[in-house]
Amino acid sequence: MFRRLNKGPERLLTIFVDGAPTSARPGDSVAAAMLASGRIGCRTTAVSGAVRGPFCLMGVCFECLVTIEGVASLQACMIPVREGMRIETKCGNRTFGT
Amino acid sequence: MIIAAGELHDEYDVAVIGAGPAGLAASAFCARAGLKCVLFDDQTGPGGQIYRSITSSPLSRHCVLGKDYWRGETIVRDALASDAHYVAGASVWGLLSSNAVAVSVSGITRQIRAARIIIATGAMERPFPIQGWTLPGVMTCGAAQILLKSSALVPEGPTVLAGCGPLLWLLAWQYLNVGVRIDAILDTTAQRNWHRLFRHAVAFATSSYMTEGLRLMYQVRRAVRVVTGIVELGAEGGERVESVLWRTRRGRFERLPCNTLLLHQGVVPNVNLAMSARVEHRWSDTQLCWVPNVDDFGSTTAPAIAVAGDGAGIAGAGAAVACGQIAAIAAIRALTNKASHKDEERNARRMLHRYQRGRTFLDLLYQPAPHFRLPRGETIVCRCEDVTARQVIETTLLGCPGPNQIKAFLRCGMGPCQGRFCGLTITELMAETRGSSCAEVGYFHLRPPAKPIALSEFAGLRSDEAAMKAVVRE
Ligand code: FES
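Remember, predicted model here, so these are calculated numbers, not experimental data. (Residues numbered from 1 in each chain as written. Chains lettered and ligands numbered in written order. Predicted model: local features only at pLDDT ≥ 70, side-chain atom pairs only at ≥ 80, totals over all residues. Heavy atoms only, no water.)

## Remarks on the environment of Ser 60 of chain B
The cut-off we apply is this: Secondary structure is summarised from DSSP: a helix means a run of H or I of at least four residues, a strand means a run of E of at least two, and numbering begins at the N terminus for each.
For Ser 60 of chain B, the location among the structural elements is in the loop between β2 (37-40) and α2 (62-65). The sequence separation of Ser 60 of chain B and His 264 of chain B amounts to 204 residues, and the corresponding C-alpha distance is 26 Å.

Here it is in structure tokens:
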């Protein structure tokens, strides 16, 4: 679990993670915003189905893959949040035709 | 100067990849000398990992992150104020033939040409393959520090740090500065390492690392429970980490509940781009990783390509700035055919020498113990494809000769991280199992793209000769 140090008067944004409104700080990566909201898992593995979450936050481990605005397999730790952004957490293998 | 991808020119004198200390220093230097220079970086802001978010960090109180961090401000300011074109969010995935650089920005690949290329892709965390390291809630210390620097996020609830190396102590110190409670630090520093250090002790004692390092450790040890001599370590939990289990040298098992476990056992060069550009690498027995073969100027075995900074062997941010400048000087001389910048070179070398002092001591002291580099049993080695240590060992015993063959058998190294988090483990585990050296076992053959990109992006490429070469087998 993570908490924010600065609970200042700053403006927060709203993003939607699997449909749920989630507040984020401008400048957060999608992964940081998800972690701040208590979501530490963002995908399941294709092989065993185990839940995985962000591990390196610098773009090298690829554990943070999510779907953003309909584009699959993006690294949540590399993409900054934008107002109204829609994020879907990823489940297992991509299936044909989706 | 910051530019958008659309404003990129087709040709540059120098392309620098990575906006950490080495890349920032190199591009500023080239631009000042009048060269047309472009700086690509895949993060959203400049600074690399060491100076991550330095232009945007919500933690503006300088005492939290420490003065070494804020030293980055001038380095970043100089580069941004220079005429070098800086493109953020730009992922360079290939250095192709005829000096073409393939770079992906917001899902579109562009190719530019540069007469000289300086790779400054820095370092990444060394793999720390222990039981349960794939559970959500287990992260690297580097990841936790990125959350702190860029979003002022800190762990809440029982938190344990485990491993060895300067970054672990720095993170603990930064956490204490902001009142984060750390339940325990599990120190895995191998006790036997101390015996090998005498030869390097003087250099270390007179280096800048010692006083600073000891001060941090002293302050942390006074405030946090530190357990030393850890020889076994594992994370436990179902859908997320719930506890950490360890055994010390004396044989005592202990378990502590936690919901954040932060691991660290040093950093290693991020070699994927350089290897995919056919830069020759060798195994370093001190740093236990692959490093590119470079000369005194950072020039590699690949024509017109240099590597500067931690990507050429771990030496820290200060040394990276010096190496960036030296690589820039070599590029300037090659392009102008003049032996210029003699004074600058001398200064940079002096600075490099100062920062290299004491480094061997740190390398040897924090060389991770074999049992944390050579996993056993069901411990996952390849996170992307869920390949275990047992599978790697058994397949090696069947006669599998090297990483490229085992990749075909088990898919390890074939996932999206392209071997970044399993490659070193695979090399070392196969070498141990076969009774040969890491140099003999070798590494994965890496080819562009050095970052996974969508097929549609390939399809959108202009099909000139260089682009063809990227996809057509030679
Ligand atoms: S958390 Fe490692 S790539 Fe995003």
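Now that the structure has been shown, the text picks up again.
## Remarks on the packing of helix α1 (residues 21-32) of chain B against helix α10 (residues 317-336) of chain B
Residues and elements named next belong to chain B. Our working definition: Comment: axis = line fitted to C-alpha atoms, over the contacting stretch for helices; angle = value between 0 and 180 degrees taken between N-to-C directions. Left-handed describes a crossing in which the near helix is turned anticlockwise from the far one by less than a right angle; the clockwise case is right-handed. Contacts: residue pairs with any heavy atoms within 4.5 Å of one another.
Interhelical geometry of α1 versus α10 gives an angle of 35° and a closest axis separation of 7 Å. Pair α1 / α10 crosses with right-handed handedness. On the side of α1, the interface is formed by Pro 21, Ala 22, Ala 25, Ala 26, Phe 29 and Cys 30, while α10 contributes Ala 317, Ala 320, Val 321, Gly 324, Gln 325, Ala 328, Ile 329 and Ile 332.

## A few points about the sheet that holds strand β15 (residues 253-257) of chain B
All names here are of chain B. Which entries qualify depends on this criterion: Whether two strands pair depends on DSSP finding at least two bridges between them.
Strand order in the open sheet formed by 3 strands is β13-β14-β15, with antiparallel pairing between adjacent strands. Looking at strand neighbours, the two that pair on one side only are β13 (230-237) and β15, the edges of this open sheet. In this sheet, neighbouring strand axes are inclined to one another by 20° on average, regardless of whether the strands run parallel or antiparallel. One ladder, built from 5 bridges, connects strand β14 (residues 241-248) with β15; its direction is antiparallel. Pairing of Ser 243 across the sheet is with Pro 257, part of β15.

## Remarks on the pattern of salt bridges
Using the following cut-off: Within this document, salt bridges are pairs made up of a side-chain nitrogen of Lys or Arg and a carboxyl oxygen of Asp or Glu, the two lying within 4 Å of each other. Each residue is assigned to one of three classes by its accessible area relative to the maximum for its type, calculated with a 1.4 Å probe on protein chains only: buried under 20%, partly exposed between the two thresholds, exposed over 50%.
Inspection of every chain in the model, using the stated rule, returns 26 salt bridges over all chains. Among the salt bridges present, the one from Lys 67 of chain B reaches Glu 212 of chain B, with a minimum N-O distance of 3.8 Å. Of the two residues, Lys 67 of chain B sits in helix α3 (residues 67-70) while Glu 212 of chain B sits in helix α8 (residues 208-223), which places them 145 residues apart along the sequence. One salt bridge in this structure joins Arg 346 of chain B and Asp 343 of chain B, with 3.3 Å as the shortest N-O distance. Taken together, the positions of Arg 346 of chain B and Asp 343 of chain B, both in helix α11 (residues 342-356) and 3 residues apart, correspond to about one turn of that helix. In this structure Arg 346 of chain B comes out as partly exposed when scored by relative accessible area, which is 46%. In this structure, a network of salt bridges that share partners links the residues Arg 43, Arg 52 and Glu 63 of chain A together with Arg 383 and Asp 386 of chain B.

## Description of the domain arrangement of chain B
Residues and elements named next belong to chain B. Let me state the cut-off plainly: The split of the chain into domains comes from an automatic or database domain assignment. Once two parts are brought into contact, the accessible area they lose, counted with a 1.4 Å probe and summed over both, makes up the buried area. Counting of polar contacts relies on pairs of N or O atoms within 3.5 Å, with two restrictions inside protein: one atom must be capable of donating a hydrogen and the other of accepting it, and residues adjacent in sequence are counted only when both atoms are side-chain atoms. Under the convention adopted here, Pro, Cys and the residues Ala, Val, Leu, Ile, Met, Phe, Trp and Tyr are nonpolar, Asp, Glu, Lys and Arg are charged, and Gly plus all remaining residues are polar.
Domain assignment breaks chain B into domain 1 (5-124 + 269-337), domain 2 (127-265) and domain 3 (370-441). Look at where the C-alpha atoms of domain 1 and domain 3 centre, and you get two points 30 Å apart. At the interface, 7 residues of domain 1 touch 10 residues of domain 3. Between domain 1 and domain 3 the total buried area reaches about 730 Å² when both faces are included, carbon and sulfur atoms providing 69% of it. Put simply, domain 1 and domain 3 have 0 salt bridges between them. The tally of links between domain 1 and domain 3 comes to 1 residue pair in polar contact (both at pLDDT 80 or more). A breakdown of the residues in the side of domain 1 that touches domain 3 according to their chemical character gives 5 nonpolar, 2 polar and no charged.

## With respect to unusual backbone geometry
Residue and element names in this part refer to chain B. The omega torsion across Pro 448 and Pro 449 is 0°, close enough to zero to call that bond cis. Turning to its location among the elements, Pro 449 is positioned in the loop between α17 (438-441) and α18 (455-459). One non-glycine residue with positive phi stands out, namely Arg 278, at about 65°. Counting through the fold element by element, Arg 278 comes out in the loop between α9 (272-276) and β18 (281-284). For Arg 278, a relative accessible area of 65% corresponds to the exposed category. Phi angles above zero are rare outside glycine, and Leu 288 is one such case at about 50°. On the secondary structure map, Leu 288 appears in the loop between β18 and β19 (289-292). Judged by its relative accessible area of 8%, Leu 288 is buried.

## Considerations on the pairing of β14 of chain B
Residue and element names in this part refer to chain B. As defined by bridge partners, β13 adjoins β14 across 7 bridges and the pair is classed as antiparallel. Bridge pairing links Gly 237 to Val 241 in β14. Between the end of β13 and the start of β14, which pair antiparallel, lie 3 residues. Counting the residues in the hairpin turn of β14 and β15 gives 4 residues, including Gly 251, whose phi is positive at 95°.

## Details of the interface of chain B and chain A
With 47 residues of chain B at the interface, the matching set in chain A holds 35 residues. With both chains or domains summed, chain B and chain A bury close to 3,500 Å², and 61% of this area falls on carbon and sulfur atoms. Scanning the region where chain B abuts chain A turns up 2 salt bridges. Arg 383 of chain B is paired through a salt bridge with Glu 63 of chain A; the nearest N and O atoms lie 2.7 Å apart. Where chain B meets chain A, there are 13 residue pairs in polar contact (both at pLDDT 80 or more). Broken down by secondary-structure element, the contributors of at least two residues to the side of chain B that touches chain A are β7 (123-125), β8 (138-140), α5 (141-151) and β9 (153-155) of chain B. Tallying contributions element by element places α5 of chain B first for the side of chain B that touches chain A, with 6 residues. Residue classes in the side of chain B that touches chain A are distributed as 24 nonpolar, 13 polar and 10 charged. Here 3 bridges tie strand β1 (residues 2-4) of chain A to β9 of chain B, and the two strands are oriented antiparallel to one another.

## Here we look at α8 of chain B
Residues and elements named next belong to chain B. The cut-off we apply is this: Here, expected helix span is obtained from the residue count minus one, scaled by 1.5 Å. This arc describes the spread of directions from the helix axis toward the C-beta atoms.
Over its 16 residues, α8 extends 24 Å from the first C-alpha to the last, a length consistent with the 22 Å expected when each residue adds 1.5 Å. For α8, the complete set of buried residues consists of Tyr 209, Leu 216 and Val 220. Down the axis of α8, the sector holding all buried residues measures 55°, keeping them to one side. α8 presents Thr 211, Tyr 218 and Arg 222 as exposed residues on the side facing more than 90 degrees away from its buried surface. Taken together, the buried residues of α8 touch α6 (166-177), β11 (184-187), α7 (198-205), α11 and α12 (359-365).

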